[in-house]
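Listed here are the chains, written in short residue letters.
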Amino acid sequence: MRLSLFIAMLFAAGAAFLRAAEPPPIQVGLEGQIEVEISGVEFEPLPADERADMLLRLASVEGAEGGGGFVYDLRYIGSVPGRFDLAQLLQRKDGEPGQPEPIWVEITGLLPPEHDMLLEEQGRSPLSLFGGYRAVMIAVACLWLLAFIPFWLTRKKRAAPAGEIAAPPPTLADRLRPIVQRAARGDLDAGGKAQLERMLLGFWRERLDLGSKPSSEALAAMRAHPEAGAIVRSLEEWLHRPPGSAQVDIDALLQPYAAEPAPGEGAV
């Protein structure tokens, strides 16, 4: 009678089980695994508490051979070293009280037990000897700038003479000078005379508001003007003198045209 009652209590609590050997210890933070067979009613893990020293989950559960219980694939992770009973984290699935016999697992620390708790000095990498990656990049940038400065100075020196010898654009006086000199020497041909007249007419038509007057009228108006008439009268005088006999200050004659830009090639 007493034996029958004891067997009945075992089945009511669902405590009888067969399990594999205790698994080898694992380190903190790593997942361990153990398979156990528990006879009687079905169990499930308690709700997880992220702050607990041990977390347990059920990977799978299958019915045991013969239908007398279940085979559980349990996975666990410990956050502190120690020896833990996974049975404390199981509950009956039907909600009734009762737990299986202890299921012991061991969690070890990251450091060996005989460790003296002193930190070992790590070897310094080549980058750390120079102050780290950022310092190396700054040094490379400085070297690049130092290498660029001579190139920039050389280029600046090469560009400077080009700016110094750049000639200013020709003026109307520059364009008139060779023609006037030929006229003063007496070797200005009809084409040169026509070219000189075109340049003078183009310049003075706008300033004297001659508009589209014929060339003869425009030349007459220029001859009467104090500045425009000087070169026109000199030209007419040179054409009637023996070649090379004219005595004239060409610079003074061309002074009114010294600050005027020369017309384009199409206007000559």
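Above: the structure in question.
Figured I'd write up the structure that's included with this text. Quick caveat, the model's predicted, so the values are computed rather than measured.

**A few points about the pattern of salt bridges**
The full count for this structure, using the stated rule, is 11 salt bridges. The salt bridge involving Glu31 is made with Arg57; its shortest N-O contact spans 3.1 Å. Of this pair, Glu31 sits in strand β3 (residues 31-39) while Arg57 sits in strand β5 (residues 54-63), and the two are 26 residues apart along the sequence. Classification of Arg57 as partly exposed rests on a relative accessible area of 41%. With a closest N to O distance of 3.6 Å, Glu42 and Lys93 form a salt bridge. Pair noted here: Glu42 is in the loop between β3 and β4 (43-45) and Lys93 is in the loop between β8 (90-92) and β9 (104-108), with a separation of 51 residues, a long-range link.

**Considering the packing of aromatic side chains**
Enumeration over the complete set of coordinates arrives at 4 aromatic pairs. With centroids separated by 6.4 Å and ring planes inclined at 55°, the aromatic side chains of Phe70 and Tyr72 adopt a geometry described as tilted. The exposure class of Phe70 is partly exposed, given its relative accessible area of 22%. An aromatic cluster of at least three residues, connected via ring pairs, comprises Phe203, Trp204 and Tyr257.

**Digging into the nonpolar core**
Among the nonpolar cores identified, the biggest contains 27 residues, and Leu176, Val180, Leu200, Met222, Ile231, Leu254 and Tyr257 are the most heavily contacted of them. Secondary-structure elements contributing two or more residues to this core are α4 (172-185), α5 (190-207), α6 (215-224), α7 (228-239) and α8 (250-253). With 7 residues, the single largest contributor to this core is α4. Ignoring anything within four residues of it in the chain, the contact list for Val180 reads Leu196, Ile231, Trp238, Ile250, Leu253 and Leu254.

**Description of the sheet that holds strand β2 (residues 26-27)**
Pairing in this open sheet of 3 strands is mixed, and the strands run β2-β9-β7 from one edge to the other. Each edge of the sheet is formed by a strand with only one pairing partner; in this case those strands are β2 and β7 (82-85). As paired strands, β2 and β9 are joined by 2 bridges and run parallel to one another. Across the sheet, Ile26 pairs through a bridge with Ile107, a residue of β9.

**A short note on a nonpolar patch on the surface**
A cluster of nonpolar side chains, namely Leu143, Trp144, Leu145, Leu146, Phe148, Ile149, Phe151, Trp152 and Leu153, defines an oily patch on the protein surface of about 970 Å² accessible area. With respect to the helices and strands, the residue Phe148 is situated in helix α3 (residues 133-165). The class of Phe148 is partly exposed, set by a relative accessible area of 35%.

**Some points on the packing of α4 against α5**
One way to put it is that α4 packs onto α5 with a least axis distance of 10 Å and a crossing angle of 150°. In terms of their interaxial angle, α4 and α5 are classed as roughly antiparallel. Crossing handedness for the pair α4 and α5: left-handed. Side by side, α4 and α5 meet where Leu172, Arg175, Leu176, Ile179 and Val180 of the first sit next to Gly192, Gln195, Leu196, Met199, Leu200 and Phe203 of the second. Among the residues making up the contact of α4 with α5, the classes are represented as 8 nonpolar, 2 polar and 1 charged.

**Considerations on α6**
Where α6 is concerned, the buried positions are Ala218, Leu219 and Met222. For α6, the angular spread of buried residues about the axis comes to 100°, placing them on one side. Exposed residues pointing more than 90 degrees away from the buried face of α6 are listed as Ser216 and Ala224.

**Concerning α5**
Along its 18 residues, α5 runs 26 Å from first to last C-alpha, staying within 8% of the 26 Å computed at 1.5 Å per residue. Within α5, burial applies to Gly192, Leu196, Met199, Leu200, Leu201, Phe203 and Trp204. Just past α5, the residue Asp209 takes up positive phi, approximately 55°.

**Focus on the side chain of Asp85**
Residue placement: Asp85 occurs in strand β7. A polar atom in the side chain of Asp85 sits 3.0 Å from the backbone nitrogen of Ala87.

**Section: the pairing of β9**
Alternating positions in β9 separate cleanly, Val105 and Ile107 being buried on one face and Trp104, Glu106 and Thr108 remaining unburied on the opposite face. Relative to β9, β7 is paired through 4 bridges, and the arrangement is antiparallel. Each residue of the ladder has a partner; that of Gly82, found in β9, is Ile107.

**Focus: the environment of Asp174**
Tracing the backbone shows Asp174 in helix α4. Along the primary structure Asp174 and Ala258 are separated by 84 residues, whereas in three dimensions their C-alpha atoms are 7.5 Å apart. Here Thr171 takes part through its backbone nitrogen, which lies 3.0 Å from a polar atom of the side chain of Asp174.

Conventions and cut-offs
Residues numbered from 1 in each chain as written. Predicted model: local features only at pLDDT ≥ 70, side-chain atom pairs only at ≥ 80, totals over all residues. Heavy atoms only, no water. Salt bridge = Lys/Arg side-chain N within 4 Å of Asp/Glu carboxyl O. Helix = DSSP H or I, 4+ residues; strand = E, 2+ residues; numbered from the N terminus. Buried < 20%, exposed > 50% of the residue type's maximum accessible area, 1.4 Å probe, protein only. Phe/Tyr/Trp six-rings, centres within 6.5 Å; stacked < 30°, edge-to-face > 60°. Core = buried A, V, L, I, M, F, W, Y, C linked by side-chain atoms within 4.5 Å. Contact = heavy atoms within 4.5 Å. Pairing = 2+ DSSP bridges. Patch = residues over 30% accessible without salt bridge, like charges linked within 9 Å, V, L, I, M, F, W, Y side chains within 5 Å. Areas by Shrake-Rupley, 256 points an atom, 1.4 Å probe, with all protein chains shown as cover. Axes fitted to C-alpha atoms, helices over the stretch in contact; angles between N-to-C directions. Parallel < 35°, antiparallel > 145°, perpendicular 65-115°, else oblique. Left-handed = near helix turned anticlockwise from the far one by under 90°. Nonpolar A, V, L, I, M, F, W, Y, C, P; charged D, E, K, R; others polar. Arc of directions from axis to C-beta. Expected span 1.5 Å × (residues − 1). Polar contact = N/O pair within 3.5 Å; in protein donor to acceptor, adjacent residues only side chain to side chain.

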